[in-house]
Amino acid sequence: MKLQASKYKDLKYYANALFAVLFLCAFISCKKENQKEDKQQVSFSPLSIKGLQKSDYKSTLTFEKKLENIDNFNSKLVSYLSDSLKVYALVTIPKTKKPKNGYPILIFGHGNHPEPKKYGVSTKTGKDWRPGDYYRGIPEAYAKKGYLVITPDYRGHNISEGFQFTQTSYLASTYYAIDVLHLISALYQLEDGNTDNVFYLGHSMGGDVGLKILLASKQIKAASIWAGVSASTIEQVLYYSKYYDKNNSKVTNESIQNYKSKLNEVISNLDFEYDISSGDAINYVEDIETPLILHHAQWEASVPYQWSAALASKLFIHNKEFEFYTYNSENHLFKDENRAIAIQRDLDFFNNIKTTKINKNGS
């Protein structure tokens, strides 16, 4: 009996030892897995969609000066910090009766400007007149309809700091999206605005900016994109390089590499690794939760109509809420009747979203 008791103690000892070893192995494996996940989270490029989603955005608005005061609206200039850069924004305030909770807010994301420092400068007078002759009627039209419209310069535009970022090829729109995300964090300071009703309108490159914002922020209730750049970076490189390379009808791997040379140089100078596909919003459409309304003139060449059609197709595939309107026109920025129609469609879409959300909340 004593011998059997001794064997039992030995077995119990070895069983406990084995359990301790297995527990330690499991603990080490779990720790390594957590470290791996933490490393993956840290390794996201700040210019990737995942990087935008993981980043924090905090800023405050600073009043700069009053601008126009006319029958339909007032306007002022404000500034805020984005990545420590001072960025300016035009605020257009309606003179319509202010709703109880404040005016709905519309952020207007303008398109590419060939000379960023001249953005907002009138070509007629040479004076600063944000957002300039080309876009002047857009924020004014929505302000007349009761929206408080805020139009950021983007870094490096007009007198906003950070001109070097305007020279970053196809990466620039992501830096501009970061500027708007910082702006969104400061909207609560607009005492006349209702931060529960924030909308976005982006034209051309502003569409690319907008899609990246929607993937990183849940504060936009609905968004409109006019003639939006929504294609992948490589598609943009090929289209715009061919657009200006009229003397070469042939495209090869080598020619695309040549077209990418500027972009490759920019990426090589980054202090982090960056895969361009990780920053393409079109690859993350399934993550968009914001209802979208798309507008595009079918015969314009500045941004191919097919890009909006492809975006609409992906929104459909992923069962997203959207409307897509086609215009029989060559205008990159809508004019006259088409502009009025697009604006009214936006207003109807936005108002329907506001009503739907209120009904869903039961209030």
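See above for the structure.
Residues numbered from 1 in each chain as written. Predicted model: local features only at pLDDT ≥ 70, side-chain atom pairs only at ≥ 80, totals over all residues. Heavy atoms only, no water.

Novice: Looking at this structure, how should I read the overall build of the chain?
Specialist: When you go through the chain residue by residue, the secondary structure sums to 10 helices and nine strands. Classification of the 363 residues of the chain by burial places 48% in the buried group. For the chain, restricting intrachain contacts to residue pairs at least 6 apart in sequence, the fraction spanning at least 24 positions comes to 69%. Counting only carbon and sulfur atoms, one obtains 51% of the accessible surface of the chain, whose full area is about 19500 Å². (Helix = DSSP H or I, 4+ residues; strand = E, 2+ residues; numbered from the N terminus. Buried < 20%, exposed > 50% of the residue type's maximum accessible area, 1.4 Å probe, protein only. Contact = heavy atoms within 4.5 Å. Areas by Shrake-Rupley, 256 points an atom, 1.4 Å probe, with all protein chains shown as cover.)

Novice: So what exactly am I meant to see when it comes to the pairing of strand β5 (residues 148-152) here?
Specialist: The buried fraction of β5 is high, at five of five residues. As judged from the three bridges shared by strand β4 (residues 103-109) and β5, these two strands associate in the parallel manner. Paired with Ile 107 across the bridge in β5 is Ile 150. Following the backbone out of β4, through helix α3 (residues 137-144) and into the adjacent parallel β5, one traces a crossover that is right-handed. (Pairing = 2+ DSSP bridges. Right-handed = clockwise from strand over helix to strand, strands pointing away.)

Novice: How should the environment of Lys 320 be read in this particular structure?
Specialist: Mapped onto the secondary structure, Lys 320 falls in the loop between α9 (305-317) and β9 (322-327). Separated by 31 residues in sequence, Lys 320 and Glu 289 place their C-alpha atoms 7.2 Å apart. The residues touching Lys 320, leaving out its near neighbours within four places in the chain, are Val 285, Glu 286, Ile 288 and Leu 315. Within polar-contact distance, the side chain of Lys 320 engages the backbone oxygen of Ile 288 at 3.0 Å. (Polar contact = N/O pair within 3.5 Å; in protein donor to acceptor, adjacent residues only side chain to side chain.)

Novice: When you look at the environment of Lys 212 in this model, what are you seeing that I'm missing?
Specialist: Mapped onto the elements of the fold, Lys 212 is located in helix α5 (residues 205-216). On a C-alpha basis, the gap between Lys 212 and Ser 230 in space is 9.9 Å, while along the polypeptide they are 18 residues apart. If we skip the residues at most four places from it in the chain, Lys 212 touches Ile 49, Leu 52, Ser 173, Thr 174, Ala 177, Gly 279 and Ala 281. A polar atom in the side chain of Lys 212 sits 2.9 Å from the side chain of Ser 173.

Novice: Help me understand the packing of helix α4 (residues 172-185) against α5 in this model?
Specialist: Interaxial distance between α4 and α5 falls to 9 Å at its minimum, and their mutual angle equals 55 degrees. As summarised for this structure, α4 and α5 are arranged oblique, according to the angle between their axes. Note on packing geometry: the crossing formed by α4 with α5 is right-handed. Packed against α4, whose contacting residues are Ser 173, Thr 174, Tyr 176, Ala 177, Val 180, Leu 181 and Ile 184, the element α5 presents Met 205, Asp 208, Val 209, Lys 212, Ile 213 and Ala 216 at the interface. (Axes fitted to C-alpha atoms, helices over the stretch in contact; angles between N-to-C directions. Parallel < 35°, antiparallel > 145°, perpendicular 65-115°, else oblique. Left-handed = near helix turned anticlockwise from the far one by under 90°.)

Novice: Mind showing me how you'd approach helix α6 (residues 233-244) here?
Specialist: Taking 1.5 Å per residue as the helical rise, α6 with its 12 residues ought to reach 16 Å, and the 17 Å between its terminal C-alpha atoms agrees with that figure. Among the residues making up α6, those that are buried are Thr 233, Gln 236, Val 237, Tyr 240 and Ser 241. Each buried residue of α6 lies within a common arc of 115 degrees when the element is viewed along its axis, so the set occupies one face. For α6, the secondary structure elements touched by its buried residues are α5, α7 (253-259), α8 (261-268) and α9. (Expected span 1.5 Å × (residues − 1). Arc of directions from axis to C-beta.)

Novice: Please clarify how α3 should be interpreted in this entry.
Specialist: It helps to recall that an α-helix has 3.6 residues per turn; residues three or four apart then point in one direction. When you tally the buried positions in α3, you get six out of eight residues, the bulk of the element. Residues Ile 138, Pro 139, Glu 140, Ala 141, Tyr 142 and Ala 143 constitute the buried set of α3. The first or second residue beyond α3 is Gly 146, which carries a positive phi of 100 degrees.

Novice: Got a minute to help me understand the sheet that holds β4 in this structure?
Specialist: By way of backbone hydrogen bonds, the strands of a sheet pair with one another, either parallel or antiparallel. Strand order across the open sheet formed by nine strands is β1-β2-β3-β5-β4-β6-β7-β8-β9, with mixed pairing between neighbours. Edge strands, defined here as strands with exactly one partner in the open sheet, are β1 (62-69) and β9. Averaged over all pairs of adjacent strands, the angle between their axes in this sheet comes to 20 degrees, without regard to strand direction.

Novice: Looking at this structure, how should I read the nonpolar core?
Specialist: Here is a general trend for soluble globular proteins: nonpolar side chains tend to be buried in one another's company. One finds Ile 107, Ile 150, Leu 171, Leu 187, Ile 213, Ile 220 and Leu 292 to be the most contacted residues of the largest nonpolar core, which totals 61 residues. Among the elements that take part in this core, α4 stands out by supplying nine residues, more than any other. Ile 138, Ala 222, Ala 297 and Phe 349 belong to the second-largest nonpolar core, a separate cluster that totals 23 residues. (Core = buried A, V, L, I, M, F, W, Y, C linked by side-chain atoms within 4.5 Å.)

Novice: So what exactly am I meant to see when it comes to unusual backbone geometry here?
Specialist: Negative phi is the rule for most residues except glycine; trans is the rule for most peptide bonds. Look at the link from Arg 130 to Pro 131: it is a cis peptide, with omega at 0 degrees. By secondary structure assignment, the location of Pro 131 is in the loop between β4 and α3. Its identity as a non-glycine residue notwithstanding, Asn 158 has a phi of 55 degrees, on the positive side. With respect to the helices, strands and loops of the structure, Asn 158 is situated in the loop between β5 and α4. A positive phi angle, near 50 degrees, is found at Asp 336, a position not held by glycine. Residue position: Asp 336 is located in helix α10 (residues 336-361). Exposure remark for Asp 336: the relative accessible area of 68% places this residue in the exposed category.

Novice: Could you clarify how one ought to interpret the packing of aromatic side chains in this entry?
Specialist: A complete count under the given rule lists 15 aromatic pairs for this structure. Between Tyr 147 and Phe 350, the ring centres sit 6.1 Å apart and the planes meet at 55 degrees, which makes this aromatic pair tilted. Taken as a pair, Tyr 147 in the loop between α3 and β5 and Phe 350 in helix α10 lie far apart in primary sequence, 203 residues in all. Each member of the pair Tyr 147 and Phe 350 is classed as buried. Grouped by ring-pair contacts, the aromatic residues Tyr 239, Tyr 240, Tyr 243, Tyr 244 and Trp 307 constitute a single cluster. Here the basic side chain of Lys 117 rests over the ring of Phe 163, its NZ or CZ set 4.5 Å away from the ring centre. Geometry around Phe 165 places Arg 155 over its ring, the cationic atom sitting 4.6 Å from the centre. (Phe/Tyr/Trp six-rings, centres within 6.5 Å; stacked < 30°, edge-to-face > 60°. Lys NZ or Arg CZ within 6 Å of the ring centre and 35° of its normal.)

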